[in-house]
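The residues making up each chain are set out below.
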Amino acid sequence: DTGMVLERLSAVLQGKRTNFDTDLFMPIIKTVEGISGKKYGIANETDVSMRVIADHIRTAAFVLSEGLFPSNEGRGYVLRRIIRRAARHGCMLGIKDPFLYNALDTVYKIMSEPYPELLENTDRSKNVLKLEEERFAHTLTSGMEILNRLMDELRSSGSDTIPGPELFKL
């Protein structure tokens, strides 16, 4: 086994420097550019976020097509973490609303010919992804409210250290 998976082989055959410059990822990155209003190839931080999103949305598309749901246990937890990491990188690009579920169409366009099973439950996958993004946005909002309240309380008491149990809760 050479470890030369589809993405690496594509990069070599297409004469690209990285996997993300291939036709397997660039359409997704272009979609993220359109949603975020940012350009790929200008700033390293932006490029990293777009690559994370492109990679994670592809992964989520395949896992969701297998019928998995985000959860707090096992494989579902891994899916939740993948979705939330991609959503967080979207926030870092200035994207305020759920967007990953819209990027699924680009993944389907790229990958559905070799993997037609991706198209079997597209509506369910989009709904699950959108709901998880909305839940994550709510978690972030409520977490920031708790953090801001806690910081105000700490400042008024003269402390500048957040207690461990409070950090764990956050």
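Please refer to the structure higher up on the page.
Residues numbered from 1 in each chain as written. Predicted model: local features only at pLDDT ≥ 70, side-chain atom pairs only at ≥ 80, totals over all residues. Heavy atoms only, no water.

A.B. asks: Just checking my understanding: could you explain the pattern of salt bridges for this structure?
C.D. replies: One side chain can pair with another of opposite charge once the charged atoms of both are near each other. According to the stated counting rule, one finds 5 salt bridges in the structure shown. Residue lysine 30 pairs with glutamate 33 through a salt bridge whose shortest N-O separation is 3.5 Å. Residue lysine 30 and its partner glutamate 33 are both found in helix α2 (residues 26-36); the two are separated by 3 residues, about one turn of the helix. A relative accessible area of 47% means that lysine 30 is categorised as partly exposed. Between lysine 126 and aspartate 105 there is a salt bridge, and its shortest N-O distance comes to 2.6 Å. (Salt bridge = Lys/Arg side-chain N within 4 Å of Asp/Glu carboxyl O. Helix = DSSP H or I, 4+ residues; strand = E, 2+ residues; numbered from the N terminus. Buried < 20%, exposed > 50% of the residue type's maximum accessible area, 1.4 Å probe, protein only.)

A.B. asks: Looking at this model, I keep getting lost on the environment of glutamate 117. Mind explaining?
C.D. replies: Structurally, glutamate 117 can be placed in the loop between α5 (100-111) and α6 (122-156). Taking the C-alpha atoms as reference, glutamate 117 lies 8.8 Å from phenylalanine 62; in sequence the two are 55 residues apart.

A.B. asks: Help me out: how do you make sense of a nonpolar patch on the surface in this one?
C.D. replies: On the surface, a nonpolar cluster with roughly 240 Å² of combined accessible area is contributed by Ile146, Leu167 and Leu170. Owing to a relative accessible area of 30%, isoleucine 146 belongs among the partly exposed residues under this scheme. (Patch = residues over 30% accessible without salt bridge, like charges linked within 9 Å, V, L, I, M, F, W, Y side chains within 5 Å. Areas by Shrake-Rupley, 256 points an atom, 1.4 Å probe, with all protein chains shown as cover.)

A.B. asks: Explanation requested: helix α1 (residues 6-14) in the structure shown.
C.D. replies: Note on helix geometry: an α-helix contains 3.6 residues per turn, so any two residues three or four positions apart are oriented the same way. What α1 keeps buried is the set Glu7, Ser10 and Ala11. Buried residues of α1, seen end-on, are gathered within an arc of 100 degrees and therefore sit on one face of the element. Of the exposed residues in α1, the ones pointing more than 90 degrees away from its buried face are Val12 and Leu13. Where the residues of α1 are buried, they touch α3 (44-65). Downstream of α1 by a residue or two, glycine 15 has a phi angle that is positive, lying close to 65 degrees. (Arc of directions from axis to C-beta. Contact = heavy atoms within 4.5 Å.)

A.B. asks: Can you help me understand the layout of surface pockets in this one?
C.D. replies: If a probe the size of a water molecule is rolled over the atoms, the empty space left behind becomes visible. Quantified by volume, the largest pocket comes out at close to 260 Å³. Lining the largest pocket are Thr139, Leu140, Ser142, Gly143, Met144, Ile146, Leu147, Lys169 and Leu170. Counting residues per element, the lining of the largest pocket draws most heavily on α6, at 7 residues. (1 Å grid on protein atoms, 1.4 Å probe; cavity = no way out; pocket = protein on both sides within 12 Å on 5 of 7 lines; lining within 4 Å. Points joined across faces, edges and corners; volume = space filled by probe spheres on them.)

A.B. asks: Just checking my understanding: could you explain the side chain of serine 49 for this structure?
C.D. replies: Along the chain, serine 49 falls in helix α3. With a relative accessible area of 2%, serine 49 lands in the buried category. A distance of 2.8 Å separates the side chain of serine 49 from the side chain of histidine 89, its partner in a polar contact. Contacts of serine 49, omitting those with residues within four sequence positions, involve His89, Met92 and Leu93. (Polar contact = N/O pair within 3.5 Å; in protein donor to acceptor, adjacent residues only side chain to side chain.)

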